[in-house]
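Geometric and topological summary
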Amino acid sequence: MLELVPITEGIGTEVRGIDVTRPVSDVDLERIYQAWIDTTILVFRGQDMTPTQHVEFTRHFGEVFTYTRSQFNDDEHPEILILSNITRDGKPIGSAYSGRVWHSDGAYLTDPPVGSMLYAREVPPEGGDTWYGNMMAAYDALPPAVQERIADLKVVISRVQSRPYNYPDRPAPTEKERAEWVDVTHPLVRVHEVSGRKALYAGGNVPWRIEGLSEDESAPLITFLQEFSVQPRFTYCHRWSVGDIVLWDNRSAMHRATYYDHVKHRRLMHRTTISGVRSAAGTGSEA
Ligand code: SIN
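Our next topic: the pairing of strand β17 (residues 253-257). Here β17 lies mainly inside the structure; four of its five residues are buried. Relative to β17, strand β9 (residues 130-134) is paired through five bridges, and the arrangement is antiparallel. Its bridge partner lying in β17, Gly133 is registered against Met254.

Put into structure tokens, the structure is as follows:
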């Protein structure tokens, strides 16, 4: 029987009593979907799914997105992005160092993905955890004067400047990339299109700035918001076991991966990404 168990007071729901490879009833699916929207991350433990089942399960939460230009998509299932330090024939099979700073996926895009589903296939004995932060809870806890101050502000995100933070192992952007990667702006307070709740969209340890403010005004405000939003009361650290799935809502969560010993240990994670909201309620497979 489906059980939805809060992970902490501030964030997350553990979904128990389901095998994600089996049909899920519309009623259960609706409860799971709502828990995702309300608590921003879902944890499913002990799941054994093929890449095809991973993609199919992801579809219950929205349209699946394929990183068309990624060199780390799974060959047979391009919807799956491989995050790993494993090499084959001397070549990396996945992105090894991504996501080490607090971030929201694709913030540098005009239309960032709405969510991601990460599945653990091989995990190191220590490290390689993932932290999640609930940006709705962080927004709600801000002093009213700060909420008012930031209500109509926008953040400017430079993909070029974020590069060394997000992907320290990759070369600096080329001239062509610099020309293509134009800065984007997003509201600093994001209104969730499904729930209508407000969430802070202030970025993590990456150099964002606030549109229309001088550097002297922008830097302290953004630093305050970034530090405020990742306090322990809004965050949860997931210690992975093989077979775990974490689904996060990119509109209301930030996340970051932690260090592990890449030389001694292997980590193999499969990630699907969700680009758009569900087209209709009731995408379960059984009545
Ligand atoms: C990510 O940032 O999408 C991946 C996080 C992780 O590898 O734990």
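Let us keep going from here.
Our focus in this paragraph is the sheet that holds strand β14 (residues 209-210). Within the open sheet, the three strands sit side by side as β11-β10-β14. Their pairing is antiparallel. A strand with exactly one partner marks an edge of an open sheet, and here the two such strands are β11 (184-187) and β14. As defined by bridge partners, strand β10 (residues 154-157) adjoins β11 across four bridges and the pair is classed as antiparallel. Bridge pairing links Val155 to His186 in β11.

We now examine the domain arrangement of the protein chain. In terms of domains, the protein chain is made up of domain 1 (3-133 + 233-276) and domain 2 (135-229). Summarising the inter-unit geometry, the C-alpha centres of domain 1 and domain 2 are found 22 Å apart. Contact with domain 1, which involves 29 residues of that partner, is made by 31 residues of domain 2. Approximately 2500 Å² of surface area, both sides summed, lies buried where domain 1 meets domain 2, with 61% of it carried by carbon and sulfur atoms. For the domain 1 face of the interface with domain 2, the top three residues by lost area are Tyr108, Phe234 and Arg251, together amounting to 29%. Counting the contacts that link domain 1 with domain 2 gives one salt bridge. Note that Arg251 and Glu193 form a salt bridge whose closest N and O atoms lie 3.4 Å from each other. If you look at where domain 1 meets domain 2, you find eight residue pairs in polar contact (both at pLDDT 80 or more). The set of elements that each furnish at least two residues to the side of domain 1 that touches domain 2 consists of α1 (26-39) and β17. Looking at which element gives the most residues to the side of domain 1 that touches domain 2, the answer is α1, with three residues. Of the residues assigned to the side of domain 1 that touches domain 2, the class counts are 14 nonpolar, ten polar and five charged.

Further remarks concern the sheet that holds strand β15 (residues 235-238). One open sheet holds the three strands; their spatial order is β15-β9-β17, and the pairing between them is antiparallel. Looking at strand neighbours, the two that pair on one side only are β15 and β17, the edges of this open sheet. Averaged over all pairs of adjacent strands, the angle between strand axes in this sheet comes to 20°, irrespective of strand direction. The pairing of β9 with β15 spans four bridges and is classified as antiparallel. Along β15, the bridge assignment pairs Gly133 with Thr235.

Before going further, it helps to spend a moment on helix α2 (residues 51-59). Within an α-helix, residues lying three or four positions from one another point in the same direction, as the helix has 3.6 residues per turn. Buried within α2 are the following residues: His54, Val55, Phe57 and Thr58. Each buried residue of α2 lies within a common arc of 165° when the element is viewed along its axis, so the set occupies one face. In the core, the buried residues of α2 are packed alongside β3 (41-44), β4 (63-65), β8 (115-122) and β18 (268-276).

Right, let's talk about α1 for a bit. Spanning 14 residues, α1 covers 20 Å between terminal C-alpha atoms, matching the ideal 20 Å at 1.5 Å per step. If you check which residues of α1 are buried, you get Leu29, Ile32, Tyr33, Ala35, Trp36 and Ile37. Following α1 by one or two positions, Thr40 adopts a phi angle in the positive range, close to 70°.

About the thresholds
Residues numbered from 1 in each chain as written. Predicted model: local features only at pLDDT ≥ 70, side-chain atom pairs only at ≥ 80, totals over all residues. Heavy atoms only, no water. Buried < 20%, exposed > 50% of the residue type's maximum accessible area, 1.4 Å probe, protein only. Helix = DSSP H or I, 4+ residues; strand = E, 2+ residues; numbered from the N terminus. Pairing = 2+ DSSP bridges. Domains from an automatic or database assignment. Contact = heavy atoms within 4.5 Å. Buried area = accessible area lost by both parts, 1.4 Å probe. Salt bridge = Lys/Arg side-chain N within 4 Å of Asp/Glu carboxyl O. Polar contact = N/O pair within 3.5 Å; in protein donor to acceptor, adjacent residues only side chain to side chain. Nonpolar A, V, L, I, M, F, W, Y, C, P; charged D, E, K, R; others polar. Axes fitted to C-alpha atoms, helices over the stretch in contact; angles between N-to-C directions. Arc of directions from axis to C-beta. Expected span 1.5 Å × (residues − 1).

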